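Residues per chain, in single letters:
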Amino acid sequence: MHPLPHRLLTPWLRLLSLPTQPAQSWHLSRLHDELHEYRHATTPLSKLSESSDIHFALHRAAFDGCPLHLTESELPPASALMYSYMIAKYTLRWGFYRVVGGCCKGRRDVREVVNPAKERKLDVVAGRHGIDKEEFRRVAGRLRLIYFQAQAEAT
């Protein structure tokens, strides 16, 4: 991993304040999942998205004190476009969960970046933060219609 992007992303990762995952096995599992998804991506946009997920996993692991390394042949190319996409994607998800948490018993401390389009992941997030799963899914479903639709229309 090149040191310049890592130094530039460190303040952003501090802002996100995601729960620290000190186990290297946790980070390796995420990275393997993302590499699998990248290999199966077929469109340029899906390749860009999955590439950003791999780079996010690597930077988050290093930020959490568990640096991971890939060979040049395993690592998808990084570019300004990929980093811009990554920052926008994860910041939007982070903001989404902060709003959903705030609407569910005022839980402003929800700091997550998992894909909110997947119902099972919403249940995991709700459980992790002690929020009723049904209420969390209901609020997230309504907010998704507004939050991500507005983003799509802006592009």
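Everything below is about the structure shown above.
Each value, and the rule that gives it
- All residue numbers refer to positions counted from 1 along the written sequence of the respective chain.
- In view of the model being predicted, local features appear only for residues whose pLDDT reaches at least 70, and side-chain atom pairs are presented and counted only at 80 or more, with totals across whole chains, interfaces and linings using the full set of residues.
- As a convention, hydrogens and water are excluded, and side-chain values are obtained from all of the structure's heavy atoms.
- Helical segments are the DSSP runs of H or I of at least four residues, strand segments are the runs of E of at least two, and each set is numbered from the N terminus.
- The globule rule is 2.2 Å times the number of residues to the power 0.38, and the radius of gyration it is compared with is taken over C-alpha atoms.
- For the exposure calls, accessible area comes from a 1.4 Å probe over protein chains only, and a residue counts as buried if that area is under 20% of its type's maximum, exposed if over 50%, partly exposed in between.
- Any two residues whose heavy atoms approach within 4.5 Å are treated as being in contact.
- Salt bridges are defined as contacts in which a side-chain nitrogen from Lys or Arg sits within 4 Å of a carboxyl oxygen from Asp or Glu.
- Each axis is a line fitted through C-alpha atoms, and for a helix only the stretch in contact is used; angles between axes span 0 to 180 degrees, taken between their N-to-C directions.
- Orientation categories follow fixed angle ranges, with anything under 35 degrees roughly parallel, anything over 145 roughly antiparallel, 65 to 115 roughly perpendicular, and all other angles oblique.
- The residue classification treats Ala, Val, Leu, Ile, Met, Phe, Trp, Tyr, Cys and Pro as nonpolar and Asp, Glu, Lys and Arg as charged. All others, Gly included, are polar.

Trainee: Can you lay out the overall build of the protein chain for me, pointing to particular residues and giving the numbers?
Mentor: Counting its secondary structure elements, the protein chain contains six helices and zero strands. Seen in sequence order, the protein chain has helices and strands lined up from the N terminus as α-α-α-α-α-α. Taken against the 2.2 N^0.38 rule, which gives 15 Å for 155 residues, the C-alpha radius of gyration of the protein chain at 16 Å falls within 12% of a compact globule. Considered along the principal axes of its C-alpha atoms, the protein chain spans approximately 45 × 35 × 25 Å. Burial status across the protein chain gives 39% buried among its 155 residues. The long-range fraction of contacts in the protein chain, counting pairs at least 24 apart against all pairs at least 6 apart in sequence, stands at 59%.

Trainee: Run through the pattern of salt bridges, naming residues and quoting values.
Mentor: Within this structure, the stated rule accounts for seven salt bridges. A salt bridge links Asp64 to Arg60; the shortest N-O distance between them is 3.7 Å. Here Asp64 and Arg60 have matching classes, each one buried. Residue Arg128 is joined to Glu112 by a salt bridge in which the shortest nitrogen-to-oxygen separation is 2.9 Å. Of the two residues, Arg128 sits in helix H5 (residues 119-128) while Glu112 sits in the loop between helix H4 (80-103) and H5, which places them 16 residues apart along the sequence. For Glu112, a relative accessible area of 6% translates into the label buried. Salt bridges linked by common partners bring Glu119, Asp123, Glu134, Arg137 and Arg144 together as one network.

Trainee: Go over the packing of helix H3 (residues 44-63) against H4, please, and point to the residues and values.
Mentor: Two numbers describe how H3 lies on H4: the axes approach to 9 Å, and their chain directions differ by 75 degrees. Judged by the angle between their axes, H3 and H4 are roughly perpendicular. Facing H3, whose interface residues are Leu45, Leu48, Ser49, Ser51, Ser52, Asp53, His55, Phe56 and His59, H4 presents Leu81, Met82, Tyr83, Tyr85, Met86, Lys89 and Tyr90. Classifying every residue of the contact of H3 with H4 gives nine nonpolar, five polar and two charged.

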